[in-house]
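# Understanding the architecture of this molecule
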Amino acid sequence: MARPQTPEEKLRYMTETPIPRLVFTLSAPTIVSMLITALYNMADTYFVGLIGNPSATAAVGVCFPLMAVLQAVGFMFGHGSGNYISRALGAQDQENATRMASTGFFLALLCGVGITVLGITLLQPLVWVLGSTPTIAPFARGYAFYILLGSPWLVASLVLNNQIRFQGNAVFSMLGVAAGAVLNVGLDPLFIFTLGMGVSGAALATIISQLVSFVLLMAGTHRGGCIRIAFKNFAPTRERWRSIFQGGIPSLLRQGLASVATVALNFMAGGFGDTAVAAMSIVTRVMQFAVSAVIGFGQGFQPICGFNYGAKRFDRVRGSFWFSAKLSFGVLLAAATCAMLFAPSIVELFLRGNAEVTAIGALSLRLQCVMLPFNGFLILSNMMLQTMGLAREASLVAVSRQGMFFIPAVLLLPRLLGLLGVQLAQPVGDICALVMTVPMALRVLNNLKR
């Protein structure tokens, strides 16, 4: 086994390796990790869909905002501490990088415990706030209970995953995520059908799988020269709190608004019946899968951006951004073409024998695919601004797609266009976000050039 790189060797590797090779090397495991995570998220929808009840399928979609909140907290501490760590390592400040790793981890773990206590206490009203209907609520309660129970290690594993990745050790991150995902696919049918737990079994499979990922990711901090997590290094000073929030607030806003946006979508789709909620839930999961490869490119780009920005190699920041942006456009264009051609078949993978769900979902999927190729630029711009510590610009881009534009669209368009308005809301939000983001990203890139 090769020996771990020293901090000096890691710095040379990140600042001198040719950009295409570096992007592919760091992105390959993160792309695999993101695709596996997307399949992981789709597994519950797929196996619950085999029950054949649209209300059960809709319950998984209704609880998606809860998962988004947990991801928002995990990403805030993971990206906030990870961005800091990569810049500190680029500036050869090992001590502060080490303290930030433990600080971000333990703060996230405490937040996860708080979410568990509060969520289980308020479980009954929570499922209604998430957008349940009377027929969906019983399924949603069972699913949400187990997800809340696993909140501490779900949030903490996201922090470990991102910290390891920001140190340029994405392979260890991938292995932890992949093991949990494979286990989840195996446990879903066992708990849902063999043990007869239904929708609740899907959630129990998810949190057990996340616990396994957490344990493996913690073990990964002891490999490959990664920074080790230790309570003695927990030092939540005002400066570290500020750095975590500066680097993590865009992620919190992005994921938090995704949760609010999904609640709004559930409520507006609910006015057209459980079949509409089920169809939109399926499309949401499918689109997440399509975008996951680009998020993987972005996650491979982030440590390159952080190390080189910290080392003042601004030419490499620009070069890696444009290389990743062009590559992501091509990948998403191919994905959008396939999804448009086979939209009905894709929807029927998750709920067979319901023509209404298929028709609603297929049209929505095709409409969203129109803007899909441009999502790469939005994602990479947000990641670049966030990694560079430009919190104001990154936060604005983070809130634009789902917050500033999608939520007003999904609340207004159905009143004018009926169900078609629900289906058009996301493409409209994407167009508006792109128009706002392009000049902002170009201005920052031009400043780096100068």
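Note: the structure precedes this text.
Here the structure is a predicted model, which is why all the values come from computation and not from measurement.

### Thoughts on empty space enclosed by the protein
- Taken as a whole, this structure holds 3 cavities of 30 Å³ or more when the rule is applied.
- As a volume, the largest cavity reaches approximately 1300 Å³.
- Taken together, 50 residues make up the lining of the largest cavity; nearest its centre are Gln71, Gln255, Gln288, Val291 and Ile295.
- When residues of the lining of the largest cavity are assigned to their parent elements, the largest contribution, 8 residues, is made by helix α12 (residues 274-310).

### Quick word on the pattern of salt bridges
- This model, assessed by the stated rule, comprises 5 salt bridges.
- The closest approach of N and O atoms between arginine 99 and glutamate 95, which form a salt bridge, is 3.8 Å. Of this pair, arginine 99 and glutamate 95 both sit in helix α5 (residues 94-121), 4 residues apart, which is roughly one turn of that helix.
- Residue classification places arginine 99 among the partly exposed residues on the basis of a relative accessible area of 27%.
- Ionic pairing is found between glutamate 239 and arginine 242, a salt bridge with its closest N-O pair at 2.8 Å. Of the two residues, glutamate 239 and arginine 242 both sit in helix α11 (residues 238-270), 3 residues apart, roughly one turn of that helix.
- A residue is classified by how much of its surface remains accessible, and glutamate 239, at 44% relative accessible area, is partly exposed.

### Thoughts on the side chain of serine 364
- By the element assignment, serine 364 lies in helix α15 (residues 355-369).
- Relative accessible area serves as the criterion here: at 0%, serine 364 is assigned to the buried category.

### Regarding the side chain of asparagine 354
- Within the fold, asparagine 354 resides in the loop between α14 (343-348) and α15.
- Among residues more than four places away in sequence, those in contact with asparagine 354 are Pro54 and Thr275.

### Brief notes about a nonpolar patch on the surface
- A grouping of Leu363, Leu412, Leu416, Leu417 and Leu420 is seen on the molecular surface, where their side chains present a nonpolar patch of about 460 Å² in accessible area.
- Among the elements that make up the nonpolar patch, the one with the highest residue count is helix α17 (residues 391-417) (3 residues).
- Here leucine 420 shows up in helix α18 (residues 419-449).
- We classify leucine 420 as partly exposed; its relative accessible area is 37%.

Here is what the cut-offs are and how they apply
Residues numbered from 1 in each chain as written. Predicted model: local features only at pLDDT ≥ 70, side-chain atom pairs only at ≥ 80, totals over all residues. Heavy atoms only, no water. 1 Å grid on protein atoms, 1.4 Å probe; cavity = no way out; pocket = protein on both sides within 12 Å on 5 of 7 lines; lining within 4 Å. Points joined across faces, edges and corners; volume = space filled by probe spheres on them. Helix = DSSP H or I, 4+ residues; strand = E, 2+ residues; numbered from the N terminus. Salt bridge = Lys/Arg side-chain N within 4 Å of Asp/Glu carboxyl O. Buried < 20%, exposed > 50% of the residue type's maximum accessible area, 1.4 Å probe, protein only. Contact = heavy atoms within 4.5 Å. Patch = residues over 30% accessible without salt bridge, like charges linked within 9 Å, V, L, I, M, F, W, Y side chains within 5 Å. Areas by Shrake-Rupley, 256 points an atom, 1.4 Å probe, with all protein chains shown as cover.

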